[in-house]
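Structural characterization, general
What follows is each chain in one-letter form.
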Amino acid sequence: MTTPQDSAYFEHIQISEEQSFLWRLDDYPWQRCVWNYHPQAEIHLIRYSSGLCFVGDHIGDFNAGQLVLVGGNLPHNWVSPAIGDRKLVGRDIVIQFDHARFEGAAAVLPELKEVSGLFKRAAYGVEFFGETARRGEALIEDMADLSAVGRLGIFIELLSLMAESTEYRTLATPEFLGLFRPGSIVEIETLEKALAFIHETYLERSSLSDVAALVGMSDSAFSRFFKKHTGNTYSNHVISLRLLMARKLLTETERPITDICYETGFSNISNFNRAFLQRIGMTPSRYRRASRSRSLKGHTGGSSAGARLEERAP
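Cut-offs and rules
- Residues numbered from 1 in each chain as written.
- Predicted model: local features only at pLDDT ≥ 70, side-chain atom pairs only at ≥ 80, totals over all residues.
- Heavy atoms only, no water.
- Helix = DSSP H or I, 4+ residues; strand = E, 2+ residues; numbered from the N terminus.
- Contact = heavy atoms within 4.5 Å.
- Areas by Shrake-Rupley, 256 points an atom, 1.4 Å probe, with all protein chains shown as cover.
- Pairing = 2+ DSSP bridges.
- Axes fitted to C-alpha atoms, helices over the stretch in contact; angles between N-to-C directions.
- Expected span 1.5 Å × (residues − 1).
- Buried < 20%, exposed > 50% of the residue type's maximum accessible area, 1.4 Å probe, protein only.
- Arc of directions from axis to C-beta.
- Parallel < 35°, antiparallel > 145°, perpendicular 65-115°, else oblique.

Moving on to the overall build of the protein chain. Within the protein chain, the regular secondary structure consists of 12 helices and 9 strands. Within the protein chain, counting contacts between residues at least 6 apart in sequence, those at least 24 apart form 73% of the total. Of the accessible surface of the protein chain, which amounts to about 15,300 Å², a share of 52% is contributed by carbon and sulfur atoms.

In spatial order, the strands read β1-β7-β2-β5-β8-β9; together these 6 strands make up an open sheet with antiparallel pairing. The sheet is open, and its two borders are formed by β1 (21–28) and β9 (168–170), each paired with just one other strand. Pairs of neighbouring strands in the sheet enclose a mean axial angle of 20°, with direction left out of account. Taken together, the 4 bridges between strand β2 (residues 41–46) and strand β5 (residues 67–70) define a ladder with antiparallel strand orientation. Each residue of the ladder has a partner; that of I43, found in β5, is L69.

Another aspect to go through is helix α3 (residues 130–142). Under the 1.5 Å per step criterion, the end-to-end length of α3 is 19 Å for 13 residues, consistent within 8% with the ideal 18 Å. Listing the buried residues of α3 in full gives G130, T132, A133, G136, L139 and I140. The buried residues of α3 all sit within an arc of 165° when viewed along its axis, so they share a single face. Residues of α3 that are buried sit in contact with β1, β2, β5, β7 (88–97), β8 (126–128) and α4 (148–164).

Attention now goes to the side chain of R91. Tracing the backbone through its elements, the reader meets R91 in strand β7. According to the relative accessible area criterion, R91 is buried, its value standing at 1%. Those residues in contact with R91 that sit more than four places away from it in its chain are D26, D27, Y28, L45, I46, R47, Y48, S49, F62, W78, V79 and S80.

In spatial order, the strands read β4-β3-β6; together these 3 strands make up an open sheet with antiparallel pairing. Edge strands, defined here as strands with exactly one partner in the open sheet, are β4 (58–62) and β6 (76–79). For this sheet the average axis-to-axis angle between neighbouring strands, irrespective of direction, equals 15°. Packing against the sheet, helix α9 (residues 234–252) makes contact with β3 (51–55) and β4, and its axis sits at approximately 20° to β4.

Here helix α8 (residues 219–230) spans 16 Å end to end across 12 residues, near enough to the 16 Å set by a 1.5 Å rise per residue. All of the buried residues in α8 are F222, F225, F226, H229 and T230. Summarising the axial view, the buried residues of α8 lie within an arc of 100°, below the 170-degree limit, and thus occupy one face. Looking one or two residues beyond α8, the residue adopting positive phi is G231, at roughly 80°.

Let us now look at the packing of α9 against helix α11 (residues 269–280). One way to put it is that α9 packs onto α11 with a least axis distance of 11 Å and a crossing angle of 95°. With respect to their mutual orientation, α9 and α11 come out roughly perpendicular. Between α9, through N236, I239, S240, L243, A246, R247 and L250, and α11, the contact on the second element is made entirely by F272, A275, F276, R279 and I280.

Let us now look at the environment of F128. Tracing the backbone shows F128 in strand β8. Accessibility expressed as a relative area gives 2% for F128, which makes it buried. Taking C-alpha positions, F128 is 8.6 Å from T166, a pair spaced 38 residues apart along the chain. Those residues in contact with F128 that sit more than four places away from it in its chain are L67, L69, L118, A133, M162, S165, E167 and Y168.

Have a look at this one:
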């Protein structure tokens, strides 16, 4: 019989009374690198590789150095696509902890009260960038060979850095937090199967009916199920994935915009331009020019450190 403790989808984390947190180096792929949730908070550092980041109903791209704090029971996953049979050794460093312990410790260590606001933001997922991400990455890497007390000191310094930072953005929406409830193992396995299929086929002409049939549901039942567990409609989820790929092609290649439109699954250039303008806030051609301008600034000493075009700190 499958139990939550056996499932790779509900991550069962045990932090002993002798530890305040877990520090772990993860390979990719690995059985825990799936759409998962757990009651503990998680600090997630991508050491290398790029791909897609899923936190609640947020879908975004990630690159080396991405630093994210995820609150308890907020589903998340980082996917490096098209790696074939390779294993990305040590792609991630993960720190998992019970934030209630630290909030409780503030009763005797009042300095810890300054991180309470950070834990409230963590409920939505928080991505850090700029100097905060660089300093955070260095602190997390430095923890590898330290004693237990040394790690604790660095960990508190890391929390303080995050709590004081203005270089961040929240990821999931309030609507998602209002909708999402941790599901049964069967529901989570069904969702993971659907998400894997969508990720493999989103550049093609697959439909909601195709995914619904795969998981044995009617179209209407799957539509409700998908919205409940991801906070997104099926169509919005697919469009977000296609636009992420389009942005990558616009930035990294010289392919004509019309070709990129069809390569990323859009049926015509009008739909492509409209979706791009609504979601990204500019046309594909303007996005390409802005991306190149940013790259030039980066090579001439301008401020491109970790910031992306769509990042805005609340």
